[in-house]
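Listed here are the chains, written in short residue letters.
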Amino acid sequence: EVDVRLHDGIMAMQRGAFDEALTIFTEVVEMAPDFAEGYNKRATAYYLMQEYEQSIRDCDQTIALNPAHFGALSGAGLCFLGLRNLPKALDYFERAIAVNPNMAQIQRYIEDIKKFLRDQST
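In this text, all values refer to a predicted model and were calculated from it rather than measured experimentally.

1. A look at unusual backbone geometry
At step 1: Phi angles above zero are rare outside glycine, and Gln 50 is one such case at about 60 degrees.
At step 2: With respect to the helices, strands and loops of the structure, Gln 50 is situated in the loop between α3 (36-48) and α4 (52-65).
At step 3: Not every positive phi belongs to a glycine, and Arg 84 is a case in point at roughly 65 degrees.
At step 4: Take Arg 84: it is sitting in the loop between α5 (70-82) and α6 (86-99).
At step 5: Classification of Arg 84 as exposed rests on a relative accessible area of 68%.

Here's what the structure looks like:
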């Protein structure tokens, strides 16, 4: 049942029905509170709605349940980027790359943020 609802939420998100997706992913989280992917998918829906604080909370819950979840680590970094909090974005991006070094876009974000922060301090 959890997998079916997770799939329903993914389909809703792909259709752009973000409110419906949030409702479904919240059901998933309530049905299986130790299932990291329920929080991760809800975080994705919040991110797509530019609700970055809520997304970060769900990313952090995903990471608490699965510390090696590089998608949640990079997702939280993207949220902090959206909030213009570059030091926090950098922290999450570096943690994501430590788990999965094969994310070229995240590596570029790290390089760009480091360069920007260096340039700001001179």
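2. Quick notes on α5
At step 1: With 13 residues, α5 should reach 18 Å at 1.5 Å per residue; the first-to-last C-alpha distance of 18 Å fits that figure.
At step 2: Every buried residue of α5 is accounted for by Ala 72, Leu 73, Ser 74, Gly 75, Ala 76, Gly 77, Cys 79 and Phe 80.
At step 3: Packed against the buried residues of α5 are α3, α4, α6 and α7 (104-121).
At step 4: Positive phi appears at Arg 84, one or two residues downstream of α5, with a value of about 65 degrees.

3. Regarding the environment of Phe 80
At step 1: Residue placement: Phe 80 occurs in helix α5.
At step 2: The class of Phe 80 is buried, set by a relative accessible area of 10%.
At step 3: When the C-alpha atoms of Phe 80 and Glu 53 are compared, they prove to be 8.6 Å apart, with 27 residues separating the residues in sequence.
At step 4: Those residues in contact with Phe 80, other than ones at most four positions away along the chain, are Ile 56, Asn 85, Lys 88, Ala 89 and Tyr 92.

Rules used in this analysis
- Residues numbered from 1 in each chain as written.
- Predicted model: local features only at pLDDT ≥ 70, side-chain atom pairs only at ≥ 80, totals over all residues.
- Heavy atoms only, no water.
- Helix = DSSP H or I, 4+ residues; strand = E, 2+ residues; numbered from the N terminus.
- Buried < 20%, exposed > 50% of the residue type's maximum accessible area, 1.4 Å probe, protein only.
- Expected span 1.5 Å × (residues − 1).
- Contact = heavy atoms within 4.5 Å.

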